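# Secondary and tertiary structure notes
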Amino acid sequence: MPKLNSDQTVHIEKLLLKGARILDSAHKLDETADILIQKDTIQEISSIPSDTFKGTVLDCAGLVVAPGFCDMHVHLREPGREDKETIETGCAAAAAGGFTAVACMPNTKPPLDNRSLIEFVQERAEYLLTDVHPVAAITKGLKGEELTEMGELAEAGAVAFSDDGRPVFDSDQFRRALEYAGMFNRPIIEHSEELSLAEGGHMNEGFVSTQLGLKGIPPISEDIAVARNVLIAEYVGKPVHIAHVSTAGSVRIIREAKSRGVPVTAETCPHYLIFTDEMVKTFDPNKYKMNPPLRTEADRLALLDGLKDGTIDAIATDHAPHTIDDKDCEFDVAAFGIIGLETSIGSVLSHLVQNGKFKLPKIIELMSVNPRKILGLDPIEIKAGARANLTVFDPKAEWTVDPTQFKSKGRNTPFDGETFTGKAVAVLNKGMVYLGR
Ligand SMILES: [Zn+2]
């Protein structure tokens, strides 16, 4: 195989991951060994001397090899806003950030609401290392009027349904969406927001928004929607996944629902675990304007508790690239959203693991095992005979975030200039390996 250079994707012929710490929480695996990979398959896991090995060796001493990470909530912007991101640049960002799979939201232009658009997304990603799993729209044109042809969309490869960016406002329609998607074993991923309370807001409603004189988005706009969504999911017995949970109230409602066996799962994002609305005092929408907004310290701590006790199942980024023009303006006119693919692992390892709050197996559960389970994707196994779908990361490497080096077209990150401890090193998938910088 061609030489393995940094910042390159090559097809694997024979590759030896030497001296890796293999960590797989789903299979209770934690051992140090060598992994021999031929093309797309793991051939052997044992002790393999590298001096007699005929192939490429990647020294993995001190590195962790985990089942490939999956970001279940990204916006790839193609079709329609290729100036913000394309499937190719988004996938390059995913690989650089340590993800072998992403699920992309349907609020493109036009929205992913028919078979040909689902197929278009899949075709664009066919030869890329990253698996792209499209999430199809719940309603035609994301208009909230008529349900999409869910059976056909599921058959074409949609892994879930969502009108993300907006909630399904009509409760009867939400009920029918859950029932219909449930028939095809697909979850509804719901952007939970009661618009009558939230509309016109730019940040969390509270002490800081009053100080700054910015119109707020009250936390109850999320809590009320989450309550409705879990109640309807319970009533019809079909799965709902709550996207980007940001409030203590949501955590409490989901925890209570799970304790009664309601088929609800949930995700949150690194920024809600790290920042609070205090950051909005910088008036920097490029870093701190997103929907839902950054909340209070009490919310942040509740989210961490929710991760710890399993109320929240997954960490996703809600990667939302924008052009400079959409972000380089007054806080109240700037677009919502920040990017996350290339900072996710670094931010999570730095802020959740370095301080001893979370252990690595739990992070693997949150960023690989659970998102795949929620989306109904095949579980990844690290054993001889299995497909090599792997994320390699260095939990100790220090690096400084430089958005000008991003593969993503987006530069809207709150982590600009921050030094992280913990870094994605390589990803392997579909018979390819990408070695990062
Ligand atoms: Zn959303």
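Residues numbered from 1 in each chain as written. Predicted model: local features only at pLDDT ≥ 70, side-chain atom pairs only at ≥ 80, totals over all residues. Heavy atoms only, no water.

What follows deals with the pattern of salt bridges. By the definition in use, this model includes 24 salt bridges. In this structure, the salt-bridge partner of Lys-281 is Glu-278, at a minimum N-O distance of 2.8 Å. The exposure class assigned to Lys-281 is partly exposed, which follows from its relative accessible area of 37%. The network of salt bridges with common partners includes Arg-115, Glu-119, Glu-152 and Glu-155. (Salt bridge = Lys/Arg side-chain N within 4 Å of Asp/Glu carboxyl O. Buried < 20%, exposed > 50% of the residue type's maximum accessible area, 1.4 Å probe, protein only.)

Relative orientation of the contacting elements helix H4 (residues 171–183) and helix H7 (residues 219–236) amounts to 50°, with a least axis distance of 10 Å. Taken as axis vectors, H4 and H7 run oblique relative to one another. Here the hand of the crossing between H4 and H7 comes out right-handed. Between H4, through Ser-171, Phe-174, Arg-175, Leu-178 and Glu-179, and H7, the contact on the second element is made entirely by Arg-228, Asn-229, Ile-232, Ala-233, Tyr-235 and Val-236. (Axes fitted to C-alpha atoms, helices over the stretch in contact; angles between N-to-C directions. Helix = DSSP H or I, 4+ residues; strand = E, 2+ residues; numbered from the N terminus. Parallel < 35°, antiparallel > 145°, perpendicular 65-115°, else oblique. Left-handed = near helix turned anticlockwise from the far one by under 90°. Contact = heavy atoms within 4.5 Å.)

With 84 residues, the main nonpolar core has Val-132, Phe-161, Ile-188, Leu-352 and Met-367 as its most contacted residues. For this core, the element with the most residues is helix H14 (residues 360–374), which contributes six residues. Split by domain, this core shows at least three residues from each of two domains, domain 1 (8–65 + 383–435) and domain 2 (68–374). Core analysis: the second largest hydrophobic core is formed by 24 residues, Leu-4, Ile-12, Leu-58 and Ile-382 among them. (Core = buried A, V, L, I, M, F, W, Y, C linked by side-chain atoms within 4.5 Å. Domains from an automatic or database assignment.)

To continue, consider the packing of aromatic side chains. Within the structure shown, the criterion is met by seven aromatic pairs. For the ring pair Trp-399 and Phe-420, a centre distance of 5.5 Å and an interplane angle of 65° mean the geometry is edge-to-face. On the criterion of sequence distance, the pair formed by Trp-399 in strand E17 (residues 390–400) and Phe-420 in strand E18 (residues 419–429) is long-range, its members being 21 residues apart. Put simply, the rings of Phe-275, Tyr-288, Trp-399, Phe-415 and Phe-420 touch in pairs and so form one group of aromatic residues. Seen from the ring of Phe-174, Arg-228 lies directly overhead, with NZ or CZ sitting 4.7 Å from the centre. For the cation-ring pair, Lys-423 lies above Trp-399, with the distance from its terminal atom to the ring centre recorded as 5.6 Å. (Phe/Tyr/Trp six-rings, centres within 6.5 Å; stacked < 30°, edge-to-face > 60°. Lys NZ or Arg CZ within 6 Å of the ring centre and 35° of its normal.)

Time to look at helix H8 (residues 248–259). If you check H8, its first and last C-alpha atoms are 17 Å apart, about what twelve residues at 1.5 Å a residue would give, namely 16 Å. Taken residue by residue, H8 has Gly-249, Ser-250, Val-251, Ile-253, Ile-254 and Ala-257 as its buried positions. For H8, the elements touching its buried residues are H7, strand E14 (240–242), strand E15 (264–268) and helix H11 (297–308). (Expected span 1.5 Å × (residues − 1).)

With that out of the way, let us pick up the coordination of the zinc ion. All of the protein donors around the zinc ion are Asp-164 (OD), His-191 (ND1) and His-244 (NE2); their distances to the metal are 2.0 to 2.3 Å. We note that the donor set of the zinc ion lies within a single chain, spaced as D-x26-H-x52-H. In this pair, Asp-164 sits in the loop between strand E10 (160–161) and H4 while His-191 sits in the loop between strand E11 (188–190) and helix H5 (195–198), placing the two residues 27 residues apart along the sequence. Since its relative accessible area comes to 3%, Asp-164 is described here as buried. A relative accessible area of 4% places His-191 in the buried class. (Donors = N, O, S within 2.8 Å, 3.2 Å for Na, K, Ca; no water.)

So, on to the environment of Gln-43. Tracing the chain through its elements places Gln-43 in strand E4 (residues 41–46). Given a relative accessible area of 37%, Gln-43 falls into the partly exposed group. The spacing of Gln-43 and Met-279 is 236 residues in sequence and 49 Å in space, taken between C-alpha atoms. Those residues in contact with Gln-43 that sit more than four places away from it in its chain are Leu-36, Ile-37, Gln-38 and Ala-384.

Each packed pair of helices is defined by two parameters, the angle between the axes and the distance between the axes. Look at H7 against H8: their axes get within 8 Å of each other, and the N-to-C directions meet at 15°. Taken together, the axes of H7 and H8 are roughly parallel relative to one another. Where H7 crosses over H8, the two elements pack in a sense that is right-handed. Note on element contacts: H8 touches H7 through Gly-249, Ser-250, Ile-253, Ile-254 and Ala-257, opposite Glu-222, Asp-223, Val-226, Ala-227 and Val-230. Residue composition of the contact of H7 with H8, grouped by class: six nonpolar, two polar and two charged. (Nonpolar A, V, L, I, M, F, W, Y, C, P; charged D, E, K, R; others polar.)

Time to look at H11. Taking 1.5 Å of rise per residue, the twelve residues of H11 would be expected to cover 16 Å, and the 17 Å separating its terminal C-alpha atoms lies within 8% of that figure. Residues of H11 that are buried include every one of Asp-299, Arg-300, Ala-302, Leu-303, Leu-304, Gly-306 and Leu-307, and no others. On its buried face, H11 is in contact with H8, E15, helix H9 (270–274), strand E16 (314–315), helix H13 (344–353) and H14. One or two steps after H11, the chain reaches Gly-310, where phi turns positive at roughly 85°.

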